[in-house]
Amino acid sequence: MDQGLYKKSIQTILASQSEWGSYVASPFFPTYQYCWLRDGSYIAHAMDTAGEYESASAFFNWVGQTIQRFSYKVEEARLRLSAGLPLGKDDLLHTRFTLDGEEVYIDNTWGNFQIDGYGTWLWALNDHVKRSGDYGILQKLKDPIETTLRYLELTWKLPNYDCWEEHPEYLHTYSLSTVFAGFHAAGEMIRSGKLEIKNIAADVLAKEVRKFILDSAVKNGRLVKYFCPPSVNSVSHLIGNDGVDASLMAVAIPYQMFLPDDPIMLATIKAIEEDLFRIDGGVYRYKADVYYGGGEWILLTAWLGWYYVSIKQFDKAQAICQWIESQADENGWLAEQVSDHALHPEHYAPWVKKWGPVANPLTWSHAMYVILTNAINQGL
Ligand code: BGC
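### Re the overall build of the protein
Here comes step 1: Helices and strands together make up the secondary structure of the protein, namely 14 helices and eight strands.
Here comes step 2: Radius of gyration (C-alpha) of the protein: 19 Å, near the 21 Å computed for a compact globule of 380 residues.
Here comes step 3: Along the first, second and third principal axes, the C-alpha set of the protein runs to 55 × 45 × 45 Å.
Here comes step 4: Looking at the protein as a whole, 57% of its 380 residues qualify as buried.
Here comes step 5: In the protein, once contacts between residues fewer than 6 apart in sequence are set aside, the share between residues at least 24 apart is 71%.
Here comes step 6: If you sum the accessible surface of the protein, you get close to 15200 Å²; carbon and sulfur atoms cover 53% of it.
Here comes step 7: Of note, the protein has its 32 positive side-chain charges centred 5 Å away from the centre of its 46 negative side-chain charges.

Put into structure tokens, the structure is as follows:
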């Protein structure tokens, strides 16, 4: 492990945390001047693995306040859905917020409806409590936890944007694994006796989501990236996209909807290794990725290392860790993606023209490096 890069990563994360507790996705990339629940939850988790509980706790408190600010939307959305009325793009909870917790309206084409961050924060919060022993935070965050559960219960079968903010017309296996983990985490928090939430059967919901994935998202023995939502009165609905997406690793690690050595997971990882992992290099998001030409993503590469740790293939995890370390720039920063071996290089320049150079540093990249390093060191 490169002690220098590890320390630099913690510093970069701390420097990216606002006075309100939110983490900026990338401090210098204009389009990422916000806090995404998705990125932020992994960043907080990284800080928990590093024993930086105060930082993680500040983030969870920020999430709680932010969710409560917009919690009125959940009941309104429920009423609209039960009256058969359509939902507008801002009728649901957003995926990203300004650092002080307001909704972002700068680009009204942005796909705000992404459910995954809502599952991820519950998962990360539960893990935080177990590591830090700070059960008191559950009492404090009882209302936003409950709001999140009601929101996920209402929305998990609705098509929404995936974790790459694409394909709003589908249901996404990755996103549903976060929902599974969120319900499962809530079940655990409730069973611990430190959180009292009535009328939401979190464990039952977790089981339903898992069954739904088994019935809908497994094709040729492995997981698919996305699939069509069930149509009313139809069960033979779920013909999905065959392409594999690197985000599917999350189904095993950390969410454990399927265990890392489950045959479905082994087949899924094999497809990811074959299609998306450049030997001695990094991991791509998916084959058709054209964002900045579709480079190798640091955070996904770390994720594969994290998976290898979970199946005790430490040599592979170490090799990945070293590759990531070799990608840090002269400032000790890890970018979002590395473009030298892009899948579709002709798409690189148009993105630079549109939004400037690739986001660097990306706080989430540093977070995943921290998570991987601690997983290797702690053997989990
Ligand atoms: C990625 C998202 C991420 C966001 C901020 C987007 O380009 O697709 O997964 O949350 O950047 O880092």
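From this point on, the discussion continues.
### Side note on the pattern of salt bridges
Here comes step 1: Counted according to the given criterion, the structure contains 19 salt bridges.
Here comes step 2: For Asp127, the salt bridge identified is with Arg131, shortest N-O distance 2.5 Å. Taken as a pair, Asp127 and Arg131 lie in helix H5 (residues 116-132) at a separation of four residues, close to a single helical turn.
Here comes step 3: The exposure class assigned to Asp127 is buried, which follows from its relative accessible area of 16%.
Here comes step 4: A single network of salt bridges, built from pairs that share partners, joins Arg38, Asp39, Asp116 and Glu165.

### Side note on the packing of aromatic side chains
Here comes step 1: Scanning the entire structure with this criterion turns up 32 aromatic pairs.
Here comes step 2: Joined through ring pairs, the aromatic side chains of Phe29, Tyr32, Tyr34, Trp36, Trp110, Tyr291, Tyr292, Tyr348, Trp351 and Trp355 make up one cluster.
Here comes step 3: Arg96 extends its terminal NZ or CZ atom over the ring of Trp110, reaching a point 3.9 Å from the ring centre.
Here comes step 4: In this structure, Lys225 packs its charged tip against the face of Tyr286, placed 3.7 Å from the ring centre.

### Details of helix H8 (residues 173-191)
Because an α-helix completes one turn every 3.6 residues, residues spaced three or four positions apart along the sequence face the same direction.
Here comes step 1: With 19 residues, H8 should reach 27 Å at 1.5 Å per residue; the first-to-last C-alpha distance of 27 Å fits that figure.
Here comes step 2: Counting buried positions along H8 yields 15 of 19 residues, so the element is predominantly enclosed.
Here comes step 3: In the stretch just after H8, Gly193 is the one whose phi turns positive, near 80°.

### Things to note about the site of the ligand
Here comes step 1: Taken together, 13 residues sit near the ligand, with Tyr32, Arg38, Asp39, Cys163 and Arg285 positioned nearest.
Here comes step 2: One of the side-chain N or O atoms of Arg38 is found 3.1 Å from an oxygen atom in the ligand.
Here comes step 3: Arg285 is positioned such that a nitrogen or oxygen atom in its side chain is 3.3 Å from an oxygen atom of the ligand.
Here comes step 4: For the ligand, whose free accessible area comes to 310 Å², the fraction covered by protein is 96%.
Here comes step 5: Across the shell around the ligand, the residue classes break down as eight nonpolar, no polar and five charged.

### Describing the environment of Tyr6
Here comes step 1: Within the secondary structure, Tyr6 sits in helix H1 (residues 3-15).
Here comes step 2: With 58 residues separating them along the chain, Tyr6 and Gly64 place their C-alpha atoms 29 Å apart.
Here comes step 3: Look past the residues within four positions of Tyr6 in its chain and what remains in contact with it is Met1, Ala50, Tyr369, Val370, Thr373 and Asn374.

### A short note on the domain arrangement of the protein
Here comes step 1: With domains assigned, the protein is organised as domain 1 (1-17 + 277-380) and domain 2 (34-241).
Here comes step 2: For domain 1 and domain 2, the distance between their C-alpha centres works out to 24 Å.
Here comes step 3: With 20 residues of domain 1 at the contact, the number on the domain 2 side is 20 residues.
Here comes step 4: Carbon and sulfur atoms make up 71% of the surface buried where domain 1 meets domain 2, a total of about 1700 Å² over both sides.
Here comes step 5: Considering only the side of domain 1, the residues that lose the most area to domain 2 are Gln17, Tyr286 and Trp364, jointly responsible for 32% of the buried surface there.
Here comes step 6: Taken together, the connections running from domain 1 to domain 2 amount to zero salt bridges.
Here comes step 7: Counting the contacts that link domain 1 with domain 2 gives three residue pairs in polar contact (both at pLDDT 80 or more).
Here comes step 8: Where the side of domain 1 that touches domain 2 is concerned, the elements lending two or more residues are H1, helix H11 (298-310) and helix H14 (363-378).
Here comes step 9: If one sorts the elements of the side of domain 1 that touches domain 2 by residue count, H14 sits on top with eight residues.

Reading the values: the criteria
Counting starts from 1 at the beginning of each chain's written sequence and moves along it residue by residue. It should be noted that, the model being predicted, local features are given only for residues of pLDDT at least 70 and side-chain atom pairs only at 80 or more, the latter also being counted only at that level, while totals for whole chains, interfaces and linings use all residues. Derived side-chain values reflect all non-hydrogen atoms in the structure, with water molecules and hydrogen atoms excluded from consideration. In this text, helices come from DSSP runs of H or I with a minimum length of four residues, and strands from runs of E with a minimum of two, each type numbered from the N-terminal end. The globule rule used here is 2.2 Å times the number of residues to the 0.38 power, and the radius of gyration it is set against is calculated over C-alpha atoms. Buried, partly exposed and exposed residues are distinguished by accessible area as a fraction of the type maximum, computed with a 1.4 Å probe on protein chains only: under 20%, between the cut-offs, and over 50%, respectively. Contact between two residues is taken to exist if any of their heavy atoms lie within 4.5 Å; hydrogens are not considered. Residue exposure ignores everything except the shown protein chains as possible cover, and the areas themselves are Shrake-Rupley values with a 1.4 Å probe. The charge count treats Lys and Arg as positive and Asp and Glu as negative. His and the chain ends do not count. The atom standing in for a charge is NZ when the residue is Lys, CZ when it is Arg, CG when it is Asp and CD when it is Glu. Only one rule defines a salt bridge in this text: a Lys or Arg side-chain nitrogen within 4 Å of an Asp or Glu carboxyl oxygen. In this scheme Phe, Tyr and Trp rings, the latter by its six-membered ring, pair at centre separations within 6.5 Å, and the angle between planes marks the pair as stacked below 30 degrees, edge-to-face above 60, and tilted otherwise. For a lysine, the NZ atom is tested; for an arginine, the CZ atom; a charge sits over a ring if that atom is within 6 Å of the ring centre and within 35 degrees of the ring normal. Any helix carries an expected span of 1.5 Å times its number of residues minus one. Only a single heavy atom is needed: when it lies within 4 Å of a molecule or strand, its residue is near that molecule or strand. Any pair of N or O atoms that falls within 3.5 Å is considered a polar contact. Within protein, one atom must be able to donate a hydrogen and the other to accept it, and sequence-neighbouring residues count only if both atoms are side-chain atoms. Classification used: nonpolar for Ala, Val, Leu, Ile, Met, Phe, Trp, Tyr, Cys and Pro, charged for Asp, Glu, Lys and Arg, polar for all others including Gly. As annotated, the domain borders come from an automatic or database domain assignment. Throughout, buried area stands for the accessible area (probe radius 1.4 Å) lost by two parts on being put together, summed over both.

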